[in-house]
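Inside the fold
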There are 2 protein chains.
Amino acid sequence: MQIPLLRDMRREGRPVYGQIADHIRREVEAGRIEPGDRLPPIRSLAEKLGVNRDTVSLAYENLANEGVVESTVGRGTFVRTALSRRNGHATAFAPPLTPVVERLLDFERARPEYDPASGAVPLHSLVPDPATYPLDAFRRTLNRVMTRDGADLLLYGPPQGHRGLREVLSNRFGAMGIDAGVDEIVLCQGASQGIALAMRLFAAPGDCVAVEEPTYHNVLAAMSGQGIHAAPVPMSGEGVDLDVLERTLKRPEVKAFYTIPTFHNPLGTSTRLEHRKALLDIAERCAKPVVEDAYEMDLRYLGRPVPSLAALDATGLVVQLFSFSKALFPGARVGSILARGRSVDALLALKHATDLGGPLALQAALADFVSNGDYDRHLVKLRKLLLVRRAAMLEALEREMPAGSRWSSPEGGYQVWVDLPEPLDSSALMAPAARAGVLFAPGYQFHHDGRPSGGLRLTMSMADEPAIRRGIAALGRAVRDALANGQYKSPPASVQV
Amino acid sequence: MQIPLLRDMRREGRPVYGQIADHIRREVEAGRIEPGDRLPPIRSLAEKLGVNRDTVSLAYENLANEGVVESTVGRGTFVRTALSRRNGHATAFAPPLTPVVERLLDFERARPEYDPASGAVPLHSLVPDPATYPLDAFRRTLNRVMTRDGADLLLYGPPQGHRGLREVLSNRFGAMGIDAGVDEIVLCQGASQGIALAMRLFAAPGDCVAVEEPTYHNVLAAMSGQGIHAAPVPMSGEGVDLDVLERTLKRPEVKAFYTIPTFHNPLGTSTRLEHRKALLDIAERCAKPVVEDAYEMDLRYLGRPVPSLAALDATGLVVQLFSFSKALFPGARVGSILARGRSVDALLALKHATDLGGPLALQAALADFVSNGDYDRHLVKLRKLLLVRRAAMLEALEREMPAGSRWSSPEGGYQVWVDLPEPLDSSALMAPAARAGVLFAPGYQFHHDGRPSGGLRLTMSMADEPAIRRGIAALGRAVRDALANGQYKSPPASVQV
């Protein structure tokens, strides 16, 4: 089989794995490789060509997805017979998806599955309780702004989003010590889209972004969807290990650091002022931007507020994400990105090239809802409710969990992280716990490589105090049973990011 | 200056341009290259390393964006002096943006700018007329569904979007001969997001997607934002040149074809059944998916409907985009993607990894608005209005434009394409036409490479008949003056995609 020299493939400028796949496909189409033939082993072809094994592996994956070849572990990669190829496609055309998308599908398949209909207490989900939504007040506000502002709200907005809401957020952030100009804020479709866009600013496919380990699992999905690799920095005590952070940010391929300093997801912890200052010093020394996810910034119910990284930032290296999804409700799909200088221009260009901005009507309604005090009144009630639920959860954990368990004591937000007694694996516990009557979020999904975890995340968003007590009691029973029966492990759910 | 062998850099697995930039930066930081020193010319370094010139060029661009080096055309690339670097950054940190984002910013800068406040007749914008929006009916519908469905509408929806709206669309598409299962439809933030997601399914950075030439300019932006190259296929007569299409789709690096067969943007033309069938045959022979943008599918006002590619598609190779933005109003930001099999799974995974879906409340309101007949009633009125405006525009063009001008006669939609008499350049005409009293969309932006164009797009969306007549009269005057004064050309606005 003839494959061009790497030097010539490099000159083409196209990804090399694609060219290798193209050439093999042509050999098959031309009959120079025949059905049933075995392709060279990945390692030997990589050596012959002078490329990474991953490059050959990707080429073979592409061909397998197209149905040209078939890979069997331990046997090798073979050209599919003409008949099996025809049957494999039948009358249906299955266009090849890109390797990044294939990896994202693997990631999707590795997400935990829940059966909320089982009647188990739902302590797994970080969706705020619909019973708390100020539905009527918001509906009336939306109706009012649409009557007042009319058809203007049904046009495309500027890619930056509704100016009134940006002004409101600018003032709110200012009151927290964050210098946020109206034109330094870009509205986006929840903090979720904020994460995806912020990543794209600084990291190209193949680059790395440093993340806390563990971290918010959907950040790992966002990175996977862009072909960006995660460089994990372990959490130790209150926040990331700063020495490891510095070593990581010094690596040239690491382009940014994504962090949740306040009410961490999944751990629930918050860092102190000294840690935040040291973190920013490190980022400045390494000249790397920091993406601060402040998605629960409005949900403090204990202790004193600590200035956010954005407030402490003297040089403009922090990009701060905000969202209404957890503090109010997710359904408006409104969040914001605060950035500086060219990063803002770049965000606008990305919005212009992807979705042309979000619905002005909902943004305008939120602007009114905040500026007339409804949002703050809602927050007062919500924080009171969460404080009560937190107490119920922590008391129940104290009461029910066997020795060797540890858990966090959040000062805000919905999440409580539980470390199970050694050597339990939280994934293995999911099914028995569901049967016992409780759902939780297993820890493996918050690790960049999906490694097995003895930890799990509980949330107080979807259950009231009696349900929380029932759920924790069920958790305690399941844990004690598992310890007694030696049911420690399940096969690791691994994801490749 | 020492740079590792390409073979070793390839083994690293990271993009080579990034590694070259890293090594040069380290040499500068270590003082082994000094301020004022000139870096090797791109061509000679590329030859030495055995890489593409583009690879070295990208490395130098990165370093220039970081302020490490400065490139001057005709002189070369020099390491900036310590002082100039310090001043360049001052107290502000400007994190380097990725090369794709830098290219997207270039693309943004090349967009035409309009001054609508000038009083000139706005024939440039493809935003439907707010005077036509059924604002009150929609507002009441939104209010009603929020009262009826309550807090459910303020939760996260499934990534696929509101089921009721998908059912409504499934029925509507079915009535047009398109076999669209409820779970084969994914709602998205306008067709704009549909384009971005569809591209990502099939084309990785560095891959090509075939596009009509000219085509919708924001598709070129979406591709630029993903590092996807455009492979242009010229429009000839009614649709793309099918021979060139076949040759283009045979190229392995071309992963898909984006097309607007009905009410083409910017040309306004529609293809006939025979052309569509032949196009699908070609796509099937070449085993390449087709992304059909049916964004104006509901705006036919003359002639007989021609089945869409999605309706004619026997093997599942068509991905069809739909939007409410042009037929109703943009402000709901609701469109849909119709896809098959694994492509749907992939789209859901992408939604899950980017924005977790759109606002259910607006989707639910649209579902009601369509199923109770309000949308169709709106369309009847809108089509009547557009037919009248079309007549006014075509009559005015006939009356006002000098010999050598040509224009399209659309059977639906808002766009009319005008080819100016040779050798006029439409960009050069923008300013004099604005002074004369009319705004239009210059043709260069619809070309994949931004080449100068003698064509321009008019729209009938934002002007009533008297305004249209005034505007076309102004256009005619401007054209005749330009011909008389020999004002043919302006410097080409070039964009690199």
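See the structure shown above.
Residues numbered from 1 in each chain as written. Chains lettered and ligands numbered in written order. Predicted model: local features only at pLDDT ≥ 70, side-chain atom pairs only at ≥ 80, totals over all residues. Heavy atoms only, no water.

**Some details on the relation of the copies chain A and chain B**
Taken as rigid bodies, chain A and chain B are interconverted by a rotation of 180° and an axial shift of 0.0 Å, the fit giving an RMSD of 0.1 Å. The superposition operator between the copies reduces to a two-fold rotation axis. Of every C-alpha in chain A, the one belonging to N143 of chain A sits nearest the axis of rotation, 3.3 Å from it. With an isologous cut-off of 70% or more, the 100% of interface residues of chain A that recur at the interface of chain B puts this contact in the isologous class. (Least-squares fit on C-alpha atoms with pLDDT ≥ 70 in both. Contact = heavy atoms within 4.5 Å.)

**A few points about the interface of chain A and chain B**
The interface of chain A with chain B comprises 96 residues on the first partner and 97 residues on the second. Of the roughly 8000 Å² buried between chain A and chain B on both sides combined, carbon and sulfur atoms contribute 61%. Looking at the side of chain A facing chain B, the largest losses of area belong to F93, L154 and Y156 of chain A, adding up to 10% of the total buried there. Across the contact surface, chain A and chain B share two salt bridges. Across the pair E102 of chain A and R342 of chain B runs a salt bridge, and its minimum N-O distance is 2.8 Å. (Buried area = accessible area lost by both parts, 1.4 Å probe. Salt bridge = Lys/Arg side-chain N within 4 Å of Asp/Glu carboxyl O.)

**Here we look at the pairing of strand β6 (residues 229-236) of chain A**
Residue and element names in this part refer to chain A. Alignment of strand β5 (residues 208-213) against β6, held across six bridges, turns out to be parallel. Counterpart to C208 in the pairing with β6 is H229. Where the polypeptide runs from β5 across helix α10 (residues 217-225) and back to β6, its parallel neighbour, the crossover connection is right-handed. (Pairing = 2+ DSSP bridges. Helix = DSSP H or I, 4+ residues; strand = E, 2+ residues; numbered from the N terminus. Right-handed = clockwise from strand over helix to strand, strands pointing away.)

**Description of unusual backbone geometry**
Most peptide bonds take the trans configuration, and most residues that are not glycine carry a negative phi. Look at the link from N265 of chain A to P266 of chain A: it is a cis peptide, with omega at 15°. Mapped onto the elements, P266 of chain A comes out in the loop between β8 (254-259) and α12 (273-286). Between E213 of chain B and P214 of chain B the backbone carries a cis peptide bond, its omega angle lying at 5°. Mapped onto the elements of the fold, P214 of chain B is located in the loop between β5 (208-213) and α10 (217-225). Residue A287 of chain B is not a glycine yet carries a positive backbone phi of 55°. Within the element layout of this structure, A287 of chain B appears in the loop between α12 (273-286) and β9 (290-293).

**Some remarks on the packing of aromatic side chains**
Residue and element names in this part refer to chain A. If you walk through the whole model with that rule in mind, you get 14 aromatic pairs over all chains. With centroids separated by 5.0 Å and ring planes inclined at 75°, the aromatic side chains of F138 and F329 adopt a geometry described as edge-to-face. Here F329 lies in the loop between β10 (318-323) and β11 (335-338) and F138 lies in helix α7 (residues 135-149), a separation of 191 residues in the sequence. One aromatic cluster is present, built from ring pairs that chain together Y133, F138, F329 and F369. (Phe/Tyr/Trp six-rings, centres within 6.5 Å; stacked < 30°, edge-to-face > 60°.)

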